[in-house]
Amino acid sequence: MTAQPSARGDVAVVVPAAGAGVRLGPGGPKALRLLDGEPLLVHAIRRIAASPSVAMIVVAAPPPDVDAVRTLLAQIAPVTVVAGGAERQESVAAALAAVPPALPIVLVHDAARCLTPVAVFERVAAAVRDGADAVIPVLPVVDTIKEVSAEGTVLGTVDRAVLRAVQTPQGFRADVLRAAHAAAADSHTDDAGAVEKLGRSVHCVPGSDLALKITRPIDLAVAAHLLTLPPEQS
Ligand code: C5P
């Protein structure tokens, strides 16, 4: 499959894919683990390339695997591959550096959320296009959440009505994301967090159950089952 001609073509998608995947158990880098016979990264790139807004994709690969990832993805879509860093935010920064200033919107998408439907990419991009500085896809929290001390004593129950579980792709005005990365002194687990520290507002749109993050072995089993269901709804 190749990238479809872009309807709007104003979006670059940056894909951090350089993680080791330690929590997934022994094996290669997480983005290159197989799901239904293909690397997670291939599943992710297929969906990104099918999103009409997307003009450019930049993948941050594990440094030893840059050439192999370039060869792998050349069969799927036009993709720029750079070497990732030791931390996720370094990988995002390396990929962001390869995005030309002319593209006004940047989405940051974890390769580990490889089944994220096209509709989510389009929803996030549309909200940035409509004027938001930063946009995150979210889901309601279904579990009861408690604050617990280091000794295992419950300190309190958090009102879950005000909580959201945050997914990717997270979308940004490109200049806002660059400013957030330039200003980020300490580590952050998501890019919207760096934008929050700039004092800018972050807008929420609905995420998708299909955008689960493959982290533990059970997630791979769930993702394999999801692939057997009828084509993406969301
Ligand atoms: O480790 P975690 O699951 O939070 O990683 C989220 C995403 O960030 C994954 O797609 C992973 O490949 C990527 N990552 C990266 N560079 C790192 C660590 C993680 O690109 N050094």
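Note that the structure is predicted; figures quoted are calculated from it, not measured.

> Quick one: what's the story with the pattern of salt bridges, residue by residue and with numbers?
Under the criterion given, the structure shown has 9 salt bridges. We note a salt bridge from Arg70 to Asp67, for which the minimum N-O separation is 3.3 Å. Separated by 3 residues within a single helix, Arg70 and Asp67 lie in helix H2 (residues 66–74), roughly one turn from each other. Among the residues examined, Arg70 registers a relative accessible area of 39% and is labelled partly exposed. Among the salt bridges present, the one from Asp175 reaches Arg173, with a minimum N-O distance of 2.6 Å. The partly exposed category is assigned to Asp175, whose relative accessible area is 43%. Among the charged side chains, a network of salt bridges with common partners joins Asp133, Arg173, Asp175 and Arg200.

> Describe the pairing of strand E1 (residues 11–16), naming the residues involved and giving the relevant values.
Across the 6 residues of E1, 6 count as buried, placing the element largely inside the fold. Side chains Val11, Val13 and Val15 project from E1 onto one buried face, and the interleaved Ala12, Val14 and Pro16 project onto a second face that is buried too. Bridge count for E1 against strand E4 (residues 54–61) is 6 bridges, and the pairing is parallel. Along E4, the bridge assignment pairs Ala12 with Met56. Pairing of E1 with strand E6 (residues 105–108) involves 4 bridges; the strand directions are parallel. Looking across to E6, one finds that Val11 is bridged to Ile105.

> Which residues make up the confidence of the model for the protein chain, and what values go with them?
Averaged over all residues, the pLDDT of the protein chain is 93; the fraction at 70 or higher stands at 96%. Segment residues 1–6: pLDDT under 50, and 14 contacts once partners within four positions in sequence are set aside and those in other chains are kept.

> Break down the pairing of strand E9 (residues 154–158) for me, with residues and values.
Along any regular strand the residues' side chains alternate between the sheet's two faces. The pairing of strand E8 (residues 145–148) with E9 spans 4 bridges and is antiparallel. Pairing of Lys146 across the sheet is with Thr157, part of E9. Between E8 and the antiparallel strand that follows it, E9, lie 5 residues; Gly152 among them carries a positive phi value of about 90°.

> Would you mind going over the environment of Val66 in detail, with residue names and values included?
Locating Val66 in the fold gives a position in helix H2. Between the C-alpha atom of Val66 and that of Thr116, which follows or precedes it by 50 residues, the distance is 23 Å. If we skip the residues at most four places from it in the chain, Val66 touches Ala61, Val81, Val82 and Ala83.

> Got a sec to walk through the nonpolar core? Specific residues and values, please.
Within the largest apolar cluster, 33 residues are counted, with the highest numbers of intra-cluster contacts made by Val15, Leu41, Ile45, Ile57, Val59 and Leu73. For this core, the secondary-structure elements that each account for two or more residues are E1, helix H1 (40–49), E4, H2, E6 and helix H4 (118–129). For this core, the leading source of residues is H4, giving 6 residues. Not counting residues within four places of it along the chain, the set of residues in contact with Ile57 comprises Val13, Val15, Ile45, Ile48, Ala49, Pro78, Val79 and Thr80. Judged by nonpolar contacts, the second largest core, of 24 residues, contains Val99, Phe172, Ala174 and Val195.

> Before we move on, can you summarise the environment of Ala192 with the specific residues and values?
Relative to the assigned elements, Ala192 resides in helix H6 (residues 191–197). Owing to a relative accessible area of 0%, Ala192 belongs among the buried residues under this scheme. Contacts of Ala192, omitting those with residues within four sequence positions, involve Ile136, Gln170, Phe172 and Val202.

> I'd like a rundown of the side chain of Lys30, residues and numbers included.
Within the secondary structure layout, Lys30 lies in the loop between E1 and strand E2 (34–35). Asp219 provides the closest opposite charge to the buried, unpaired Lys30, separated from it by 7.3 Å. Excluding anything up to four places from it in sequence, Lys30 contacts Gly19, Ala20, Gly21, Leu24, Leu40, Ala112, Ile214 and Thr215.

> Go over the site of the ligand, please, and point to the residues and values.
Taken together, 15 residues are adjacent to the ligand, and Pro16, Ala18, Gly19, Gly85 and Ser91 come closest. One nitrogen or oxygen atom from the side chain of Lys213 is found 3.0 Å from an oxygen atom belonging to the ligand. Calculation on the ligand without its partners gives an accessible area of 470 Å², and the protein chains cover 85% of this total. Broken down by class, the residue content of the shell around the ligand amounts to 6 nonpolar, 3 polar and 6 charged.

Cut-off values and rules
Residues numbered from 1 in each chain as written. Predicted model: local features only at pLDDT ≥ 70, side-chain atom pairs only at ≥ 80, totals over all residues. Heavy atoms only, no water. Salt bridge = Lys/Arg side-chain N within 4 Å of Asp/Glu carboxyl O. Helix = DSSP H or I, 4+ residues; strand = E, 2+ residues; numbered from the N terminus. Buried < 20%, exposed > 50% of the residue type's maximum accessible area, 1.4 Å probe, protein only. Pairing = 2+ DSSP bridges. pLDDT = per-residue confidence, 0-100. Contact = heavy atoms within 4.5 Å. Core = buried A, V, L, I, M, F, W, Y, C linked by side-chain atoms within 4.5 Å. Lys, Arg positive; Asp, Glu negative; His and termini not counted. Near = heavy atom within 4 Å. Polar contact = N/O pair within 3.5 Å; in protein donor to acceptor, adjacent residues only side chain to side chain. Areas by Shrake-Rupley, 256 points an atom, 1.4 Å probe, with all protein chains shown as cover. Nonpolar A, V, L, I, M, F, W, Y, C, P; charged D, E, K, R; others polar.

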